[in-house]
Each structure stands twice: as C-alpha cells, then as structure tokens.
Amino acid sequence: MHIHLLAVGERPPGWVHEGFAEYAQRLPMHCRLVLREIPAGRRVKGADIAKLVREEGERLLAAVPKGALIIALDRQGQPLSTEQLAAKLKTQLAQGQDMALLVGGPEGLPPECLARAHARWSLSLMTFAHPLIRVMVAEQFYRAWSILNNLPYHR
C-alpha cells in the first residue's frame, strides 16, 4: 500500500523536504509514503483566484492513482486523534488500497476535490503554513505505524 501525499505548491524550503524525508524513510516499503508536488497557479495582481484554485484541483485529481481512497485534508473535516489515524491505517493496510491525501493551496481545496473525496480529515482548527503540513502528515503516519507495531516512538 502507498500513501500518496498530493500537495499544491513546489519548491518549499529545504527543511520541509528534510522533515518529510526523515519520517517517510522510517516507514516500511509495504506502507510507503510518497510526496507529489502539484504546481500552484500564479497569484499575481488581478489573477482570477477562483479559476486558479479550480485548476489546481484539476491537477490534484489528475494525480490521484487509480483506485486510491481519496482523503481531503480540510480544516472543516473530521478531526482525528493519532490513535484513530492508526486504526484507519490498519484498515487500509489490511485492504491493500492506496490512499491519496489532498492538500490544497493557500485558499484550500476546491469544491470538486471535496466532492470526490471519500473522507475529509482535519489536522486542526488552526491554520498552518501549507509546506508544514507535509512534515506533519509524514510524522503522524510514522507515529500511527509505530502504534500498530508496538514501537516506543509514540510514548
């Protein structure tokens, strides 16, 4: 099973790639976490933001692997504890179905992405810098995997 983190925005700071890689490489091959950066629209003065967000959503949905369970990361989604994430990960591992987690740009995900999602998860009611989400998701999936495998990391 692969967990595909599809995130709008390219070229985040180096520490984001380092943080993501640190946790992603800790996961075993049968629970691989893969990041795919989706080009963001250019937000220049006078840009049609609604159109940019719609186009970003189209690129996100086009990047979803066939048959993957689509999860929209959305502030208004279902909040999950780490233990609840571990239970969801256990189910997905048993089913062998890939997951695709969608992370929108500064304005979030367009309605088309939310409509296609099988679930909506919230990482917090707070707003985070979008590049930071990549590191947070990687760390939380490693933590969830650690719980499932009785590793001391979660203590």
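Report follows, based on the coordinates. These numbers were taken from a predicted model, which means no experiment stands behind them. All chains use their own residue numbering, which begins from 1 and follows the written sequence. Restriction of local features to residues with pLDDT of at least 70 applies here, the model being predicted, together with a cutoff of 80 or more for giving and counting side-chain atom pairs; totals for whole chains, interfaces and linings are based on all residues. Note: side-chain values were computed over all heavy atoms of the structure, leaving out hydrogens and water.

For the rest of this paragraph, the subject is unusual backbone geometry. Positive phi values are uncommon outside glycine, yet N150 reaches one of about 55°. Secondary structure follows DSSP: runs of H or I at least 4 residues long count as helices, runs of E at least 2 residues long count as strands, and numbering of each begins at the N terminus. Take N150: it is sitting in the segment after α5 (130–148). Only protein chains enter the area calculation, which uses a 1.4 Å probe; residues under 20% of their type maximum are buried, those over 50% are exposed, and those in between are partly exposed. You can call N150 exposed: its relative accessible area is 71%.

Below, the discussion takes up the packing of aromatic side chains. Each pair of aromatic rings taken from Phe, Tyr and Trp, with Trp reduced to its six-membered ring, is defined by centres within 6.5 Å and is described as stacked if the planes are under 30 degrees apart, edge-to-face if over 60, and tilted in the remaining cases. Within this structure, the stated rule accounts for 2 aromatic pairs. Residues Y23 and Y142 carry aromatic rings whose centres are separated by 6.3 Å and whose planes lie at 40° to one another, so their mutual orientation is tilted. Placement of Y23 in helix α1 (residues 14–24) and of Y142 in helix α5 is noted, with a sequence separation of 119 residues between them. Among the aromatic side chains, those forming a connected cluster through ring pairs are Y23, Y142 and W145. Over the ring of Y142 we find R26; its NZ or CZ atom is 5.2 Å from the centre of that ring. We count a charge as sitting over a ring when the NZ of a lysine or the CZ of an arginine lies within 6 Å of the ring centre and within 35 degrees of the ring normal.

Neighbouring strands of a sheet are bound in pairs by backbone hydrogen bonds; such pairs are parallel or else antiparallel. DSSP-based pairing: two strands are paired if at least 2 bridges between them are found. Strand order across the open sheet formed by 5 strands is β2-β1-β4-β3-β5, with parallel pairing between neighbours. Two strands in the sheet have a free side with no partner beyond their single neighbour: β2 (32–38) and β5 (119–122). Each strand axis lies, on average, 30° off the axis of its neighbour in the sheet, ignoring direction. Note that strand β1 (residues 2–8) and strand β4 (residues 99–103) share 5 bridges and pair parallel. Bridge pairing links I3 to M99 in β4. Orientation is described by lines fitted to C-alpha atoms, with helices fitted over the stretch in contact, and by angles between N-to-C directions that extend from 0 to 180 degrees.

Turning our eyes to something else, we now look at the pairing of β2. The pairing of β1 with β2 spans 7 bridges and is parallel. Its bridge partner lying in β2, V8 is registered against I38. Whether a crossover is right-handed depends on one test, that the path from the first strand over the helix to the second runs clockwise when the strands point away from the viewer. In this fold, the crossover linking β1 to β2 by way of α1 has right-handed handedness.

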